[in-house]
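# Residue-level structural notes
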Amino acid sequence: MLYDQIQESLTYLRTQTDFQPEYGIILGTGLGSLTDSIQIEVEIDYKNIPHFPVSTVESHKGKLVFGTFAGRRIVAMSGRFHYYEGYSMKQVTFPVRVLNALKIKQLIISNASGSTRAEIAAGDIVFVKDHINLQPENPLRGENDERLGPRFPDMLRTYDIELNKKAIQIARTHNIRAHEGVYVGLQGPNLETPAEYEYLHRIGGDIVGMSTVPEVLVARHEGLPVFVISVVSNQCYPIESIRETTIEEVIEVVEKAAPDMQLILTELLSE
Ligand code: HPA
């Protein structure tokens, strides 16, 4: 059972370290360099953790990094799992359940995204205030284990708007271009057609990506507060602004903006 698998992962991690993190941080595409700023206590390869999936995408490393960042005790997921890689939604979100079992107080999720709003440019940062789930599967589908969370999680207060406000303020003081926005989660792995970007704009999406929503759903299921920070790698609205996009360009743009994200997170966490 899922519950037992989580306990087995937890038990293994506790044989490796008794470090107690306050924050969990999922590092998205191009954002792995944040680990350079962690005073590392211990690193644990996913492949050694019972029931953990193993990364397949080259741009994602696969380890849990326990340590101190911005004066806070954190555990970072260096390498995350995407549905498009072929994992089930249960696998994609399993690490979030393990982080919650470690008793973190807050989950911070980062990602790369495309912009479907004219005012949001490549290199900008977006704090997610809501999402639209267009992914074809749901990690909460199937028998519900009440020990993990409720059958029908409410989604009204999913994103911490207060934290977003603080983050926007911090960005302003550093002249970093930042916004609040609605994230649309799609399956991928292809990017969207111009007609699809137009559609995403019209339904109220500000940014679009291939991750995050499943992890947010599971965090919500478990009552774990989430803060989502997205780095825009490509602008896709209006449709005349769309350029061909490669993963190399996505990573390049995101890596360039990674220090901005790190600065914001550092100030946010040290407050
Ligand atoms: N679409 C979907 N996911 C993405 C994009 C995009 O344009 N850019 C970065 N991740």
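Now for a quick tour of the structure. Here, residues in each chain are numbered from 1, in the same order as that chain's written sequence. In keeping with the predicted nature of the model, local features appear solely for residues at pLDDT of at least 70, side-chain atom pairs appear and are counted solely at 80 or more, and the whole-chain, interface and lining totals rest on all residues. Computation of side-chain values: all heavy atoms of the structure, hydrogens and water removed.

## A short note on the overall build of the protein chain
Secondary structure is summarised from DSSP: a helix means a run of H or I of at least four residues, a strand means a run of E of at least two, and numbering begins at the N terminus for each. The helix and strand tally for the protein chain stands at six helices and nine strands. Whereas a compact globule of 271 residues would reach a radius of gyration of roughly 18 Å, the protein chain reaches 18 Å, a difference of no more than 12%. Each principal axis of the C-alpha distribution contributes one length, and for the protein chain these read about 55 × 40 × 35 Å. Residue exposure (1.4 Å probe, protein chains only): buried if accessible area is under 20% of the type maximum, exposed if over 50%, otherwise partly exposed. Counting only residues that meet the buried cut, the protein chain has 54% of its 271 residues in that class. With residues, only the protein chains shown are counted as cover, and all accessible areas are computed by Shrake-Rupley using a 1.4 Å probe. Counting only carbon and sulfur atoms, one obtains 49% of the accessible surface of the protein chain, whose full area is about 12100 Å². The sign given to each residue is positive for Lys and Arg and negative for Asp and Glu; His and the chain ends receive no count. A single reference atom marks each charge: NZ on Lys, CZ on Arg, CG on Asp, CD on Glu. On the protein chain, the mean spot of the 25 positive side-chain charges and the mean spot of the 36 negative ones are 5 Å from each other. Atoms counted for the radius of gyration: C-alpha only. Globule rule: 2.2 Å times the number of residues to the power 0.38.

## A few points about the packing of aromatic side chains
For this analysis, a ring pair means two rings from Phe, Tyr or Trp (six-membered ring only for Trp) whose centres lie within 6.5 Å, classed as stacked if their planes differ by under 30 degrees, edge-to-face if by over 60, and tilted for the remaining angles. In this structure the tally under the stated criterion is six aromatic pairs. Taken together, a centroid distance of 6.2 Å and an interplanar angle of 85° make the contact between F19 and F66 edge-to-face. Residue F19 is found in the loop between α1 (2-16) and β1 (23-27), and its partner F66 is found in strand β3 (residues 63-69); the two are separated by 47 residues along the sequence. Each member of the pair F19 and F66 is classed as buried. Relative to Y87, the ring of F81 has its centre 5.2 Å away and its plane inclined at 80°; by these criteria the two rings are edge-to-face. A network of ring pairs unites the aromatic residues Y46, F52, F81, Y87 and F94 as a single cluster. A positively charged side chain is recorded as over a ring if its NZ (Lys) or CZ (Arg) lies within 6 Å of the ring centre. The angle to the ring normal must also be within 35 degrees. Seen from the ring of Y3, R147 lies directly overhead, with NZ or CZ sitting 3.9 Å from the centre.

## Some words on the site of the ligand
Residues in contact with the ligand, as listed here, are A112, S113, G114, L191, E192, Y197, V208, G209, M210, S233, N234 and C236. Pairs of N or O atoms are called polar contacts if they sit within 3.5 Å, as long as, within protein, a hydrogen donor faces a hydrogen acceptor (for residues adjacent in sequence, only side-chain-to-side-chain pairs). At 3.3 Å from a nitrogen atom of the ligand is found a main-chain nitrogen or oxygen belonging to G114. Side-chain polar atom of N234 to a nitrogen atom of the ligand: 2.7 Å apart, as the coordinates give it. When the ligand is considered free in solution it has 260 Å² of accessible area, and contact with the protein chains removes 94% of it. In these notes, residues near a molecule or strand are those with any non-hydrogen atom within 4 Å of it.

## Description of unusual backbone geometry
The omega torsion of the bond from G188 to P189 falls at 5°, within 30 degrees of zero and hence cis. Checked against the element boundaries, P189 lands in the loop between β7 (178-185) and α4 (194-202). You will see that A70, though not glycine, has its phi angle at about 55°, which is positive. Mapped onto the secondary structure, A70 falls in the loop between β3 and β4 (72-78).

## Quick word on the nonpolar core
Working definition of a nonpolar core: buried Ala, Val, Leu, Ile, Met, Phe, Trp, Tyr and Cys residues. They are joined through side-chain atoms within 4.5 Å. Core analysis: the biggest nonpolar cluster contains 43 residues, and L64, F66, L99 and L107 have the highest contact counts within it. Residues are treated as being in contact if the distance between any of their heavy atoms lies within 4.5 Å. Residues contacting L107, with those up to four places away along its chain left out, are G24, I26, V96, L99, A219, L224, P225, V226 and F227. The next biggest cluster of nonpolar side chains, apart from the first, holds 33 residues, and it includes F127, A167, I170 and V231.

## Topic: the packing of helix α2 (residues 89-101) against helix α5 (residues 213-221)
Helix axes are fitted only over the stretch in contact, all axes being lines through C-alpha atoms; the angle between N-to-C directions runs from 0 to 180 degrees. For the pair α2 and α5, interaxial distance at closest approach is 9 Å and the crossing angle is 50°. Accordingly, the angle class assigned to the pair α2 and α5 is oblique. Where α2 crosses over α5, the two elements pack in a sense that is right-handed. Between α2 and α5, the residues in contact are M89, V92, T93, V96 and R97 and P214, E215, V218, A219 and H221, respectively. Grouping the constituent residues of the contact of α2 with α5 by class yields six nonpolar, two polar and two charged. Angles below 35 degrees are treated as roughly parallel, those above 145 as roughly antiparallel, those between 65 and 115 as roughly perpendicular, and all remaining angles as oblique. Throughout, a crossing is termed right-handed when the near helix is turned clockwise from the far one, and left-handed when it is turned anticlockwise from it by less than a right angle. When residues are grouped by polarity, Ala, Val, Leu, Ile, Met, Phe, Trp, Tyr, Cys and Pro land in nonpolar, Asp, Glu, Lys and Arg in charged, and all others, Gly among them, in polar.

## Re the pattern of salt bridges
We define a salt bridge as a contact between a side-chain nitrogen of Lys or Arg and a carboxyl oxygen of Asp or Glu at a distance within 4 Å. Scanning all chains against the criterion turns up twelve salt bridges. Residue K63 pairs with E43 through a salt bridge whose shortest N-O separation is 3.2 Å. Taken together, the positions of K63 in strand β3 and E43 in strand β2 (residues 39-45) put the pair 20 residues apart, joining distant regions of the chain. For E43, a relative accessible area of 40% puts it in the partly exposed group. D124 serves as the salt-bridge partner of R177, at 2.8 Å between the closest nitrogen and oxygen. Of the two residues, R177 is situated in the loop between α3 (161-173) and β7 and D124 in the loop between β5 (106-115) and β6 (125-133); the sequence distance between them amounts to 53 residues. The class of D124 is buried, set by a relative accessible area of 3%. Among the ionic contacts, a cluster of salt bridges with common partners joins E22, R72 and K105.

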